[in-house]
Amino acid sequence: MMIRNAQEADIPALVRIYNQAILEGLRTGDTEPVDQVERAAWLREHDVLHPVLVAELQGIVVGYVSLSSYRKGRAALQRTAEISYYVDQEHRRSGVASALLQAAFDFSEGHDLRTLIAIVIAANTASIALLERFGFTLWGTLPDVVEYGEKTLDHLYFGRRIEGA
């Protein structure tokens, strides 16, 4: 598996993977599929300190991790990033997410980020277990703010300090 910076040519794969998560429900706050124009704009919003990294197997993008500015424009929070990751449903539980998280940690250590925050819907137990395995702990809960029709769920904030920062 190769992990590299996302490129414009990866946008169809990014859309496919993210839309899988949307259609499965309870994995993201988006409820309607995104298109390539939206994902292209999203990719352009990322910068040198906040990249999107993709995992590629035999020339096919099978997952990605993004680091996004947390509370953009607030200088006191510039060394904190929000981490998000998504893996193609056919490649889950095969080490892709773990490799992506490790790559994000390695990047963060080398770019003076001090804190990573993951915001997760409480029903996403697989993601919670993965985050905890990677040293994230629950830092906060926004109760019943996620709405899927009549169902409400908590939004959980997990955090991890970056070693060496």
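Quick look at the structure, then. (Residues numbered from 1 in each chain as written. Predicted model: local features only at pLDDT ≥ 70, side-chain atom pairs only at ≥ 80, totals over all residues. Heavy atoms only, no water.)

## Notes on the nonpolar core
Stage number 1. Counting residues in hydrophobic clusters, the biggest one holds 29 residues, and the most contacted among them are L67, I83, L116, F136 and F158.
Stage number 2. Elements supplying a minimum of two residues to this core: strand 2 (52-57), strand 3 (60-69), strand 4 (80-87), helix 3 (96-110), strand 5 (115-121), helix 4 (125-133) and strand 7 (151-161).
Stage number 3. With eight residues, the top contributor of residues to this core is helix 3.
Stage number 4. Once residues lying within four places of it in the same chain are set aside, the contact partners of F136 are I83, F105, L116, A118, L131, F158, G159 and R160.
Stage number 5. Among the nonpolar cores identified, the runner-up in size contains 18 residues, and A13, L14, W42 and Y86 belong to it. (Core = buried A, V, L, I, M, F, W, Y, C linked by side-chain atoms within 4.5 Å. Buried < 20%, exposed > 50% of the residue type's maximum accessible area, 1.4 Å probe, protein only. Helix = DSSP H or I, 4+ residues; strand = E, 2+ residues; numbered from the N terminus. Contact = heavy atoms within 4.5 Å.)

## Observations concerning helix 4
Stage number 1. Residues of helix 4 that are buried include every one of S127, I128, L130 and L131, and no others. Relative to the axis of helix 4, the buried residues are bounded by an arc of 165° and lie together on one face. When the buried face of helix 4 is taken as reference, the exposed residues oriented beyond 90 degrees from it are T125 and R133.
Stage number 2. In this structure, the buried residues of helix 4 make contact with strand 4, helix 3, strand 5 and strand 7.
Stage number 3. Phi turns positive one or two residues past the end of helix 4, at G135, with a value near 90°. (Arc of directions from axis to C-beta.)

## What to know about the packing of helix 1 (residues 11-24) against helix 2 (residues 36-45)
Stage number 1. Where helix 1 meets helix 2, the axes come as close as 9 Å, and the angle between the chain directions of the two elements is 105°. Judged by the angle between their axes, helix 1 and helix 2 are roughly perpendicular. Together, I11, P12, L14, V15 and Y18 of helix 1 and Q36, R39, A40, W42 and L43 of helix 2 make up the contact between the two elements. (Axes fitted to C-alpha atoms, helices over the stretch in contact; angles between N-to-C directions. Parallel < 35°, antiparallel > 145°, perpendicular 65-115°, else oblique.)

## Examining the pattern of salt bridges
Stage number 1. The tally for this structure, following the rule as stated, stands at seven salt bridges.
Stage number 2. Notably, a salt bridge pairs E24 with R92, separated by 3.0 Å at the nearest N-O pair. Linking E24 in helix 1 with R92 in the loop between strand 4 and helix 3, this pair joins segments that are 68 residues apart in sequence.
Stage number 3. Relative accessible area serves as the criterion here: at 32%, E24 is assigned to the partly exposed category.
Stage number 4. Take R92: its relative accessible area is 28%, and that puts it in the partly exposed class.
Stage number 5. Ionic contacts of the salt-bridge type, sharing partners, join the residues R4, D10 and E56 into one network. (Salt bridge = Lys/Arg side-chain N within 4 Å of Asp/Glu carboxyl O.)

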